[in-house]
Amino acid sequence: GAGVSQSPSNKVTEKGKDVELRCDPISGHTALYWYRQSLGQGLEFLIYFQGNSAPDKSGLPSDRFSAERTGGSVSTLTIQRTQQEDSAVYLCASSLARNSYNEQFFGPGTRLTVL
Amino acid sequence: GQSLEQPSEVTAVEGAIVQINCTYQTSGFYGLSWYQQHDGGAPTFLSYNALDGLEETGRFSSFLSRSDSYGYLLLQELQMKDSASYFCAVSGNTPLVFGKGTRLSVIA
């Protein structure tokens, strides 16, 4: 079946603008995660959704970052008033459930460049 | 909190064996995972260990010692296509936390 998809694949924006990044998880996966990866770095956890539970927002770096997941499926990560340090690849992943043994399936990512 | 340590770079010869170590500190440990990421690609799952011991999957094996908060990924019969970054990740009381990754270069 289809994997995790993300759009856009690349986004170039000017400092101060808002951006929206979209993630379509694998159908039936109840857990959805957003990560940020800077060049040559590891994956930085941002936010996690599990079913209808309140999301875990503990990784969001500032109040400029927010995310929502509508209908338990598609998720949108919004960055307001973008800054140059927001430039990174934003990865979305989904898994069957929160259980740790469930592997996470990653999307191809959105490369964000803030000029 | 949670933290992981793994070497930043490893170089090995094609056909050889390489071991990538990972030590971790975490509150509420469930298991240790390994992911592979090729340049420009998305991370892909390799293995998961919840119990002590060695798990083997083809050329790749993963080991865990819960008492030592330590694990490793073992890659045998290295191939050029194994050149990639390898991340260990721990799951505990918070969602998966990834290490900074080990960049493996396989040379002829």
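Residues numbered from 1 in each chain as written. Chains lettered and ligands numbered in written order. Predicted model: local features only at pLDDT ≥ 70, side-chain atom pairs only at ≥ 80, totals over all residues. Heavy atoms only, no water.

A. Highlighting the interface of chain B and chain A. The partner chain A presents 18 residues to the 17 residues of chain B that form the contact. Roughly 1400 Å² is buried in total at the junction of chain B and chain A, and carbon and sulfur atoms are behind 60% of that figure. By the criterion of area lost to chain A, the three top residues of chain B are Pro43(B), Pro95(B) and Phe98(B), representing 34% of everything that side buries. Joining chain B to chain A, the criterion identifies zero salt bridges. Where chain B touches chain A, the interface holds two residue pairs in polar contact (both at pLDDT 80 or more). Partitioned by chemical class, the residues of the side of chain B that touches chain A number 10 nonpolar, six polar and one charged. (Contact = heavy atoms within 4.5 Å. Buried area = accessible area lost by both parts, 1.4 Å probe. Salt bridge = Lys/Arg side-chain N within 4 Å of Asp/Glu carboxyl O. Polar contact = N/O pair within 3.5 Å; in protein donor to acceptor, adjacent residues only side chain to side chain. Nonpolar A, V, L, I, M, F, W, Y, C, P; charged D, E, K, R; others polar.)

B. Just the nonpolar core, in detail. Leu32(B), Leu75(B), Tyr86(B) and Leu104(B) are the most contacted members of the largest nonpolar core, which totals 21 residues. Elements supplying a minimum of two residues to this core: strand E2 (9-13), strand E3 (18-25), strand E4 (31-37), strand E7 (60-65), strand E8 (70-75), strand E9 (84-91) and strand E11 (102-107) of chain B. Here Leu104(B) is in contact with Val10(B), Ala12(B), Val18(B), Leu75(B), Leu78(B), Asp82(B), Ser83(B), Ala84(B) and Tyr86(B), once residues within four sequence places are set aside. Counting residues in each nonpolar core, the second largest holds 20 residues, with Cys23(A), Ile26(A), Leu32(A) and Val114(A) among its members. (Core = buried A, V, L, I, M, F, W, Y, C linked by side-chain atoms within 4.5 Å. Buried < 20%, exposed > 50% of the residue type's maximum accessible area, 1.4 Å probe, protein only. Helix = DSSP H or I, 4+ residues; strand = E, 2+ residues; numbered from the N terminus.)

C. Region of interest: the state of the cysteines. This structure, assessed with the given rule, holds two disulfides over all chains. Across the disulfide from Cys23(A) sits Cys92(A); the S-S distance is 1.9 Å. Looking down the S-S bond of the Cys23(A) and Cys92(A) bridge, the torsion is -65 degrees, so its handedness is left-handed. Here Cys23(A) is found in strand E3 (residues 19-24), whereas its partner Cys92(A) is found in strand E8 (residues 88-95), with 69 residues between them in sequence. Note on accessibility: Cys23(A) and Cys92(A) belong to one class, buried. Here Cys22(B) is linked by a disulfide to Cys88(B), with a sulfur-sulfur distance of 2.1 Å. Looking along the S-S bond of the Cys22(B)-Cys88(B) disulfide, the torsion reads about 75 degrees, which is the right-handed sense. Of this pair, Cys22(B) sits in strand E3 while Cys88(B) sits in strand E9; the two residues are 66 residues apart in sequence, bridging distant segments of the chain. (Disulfide = S-S within 2.5 Å.)

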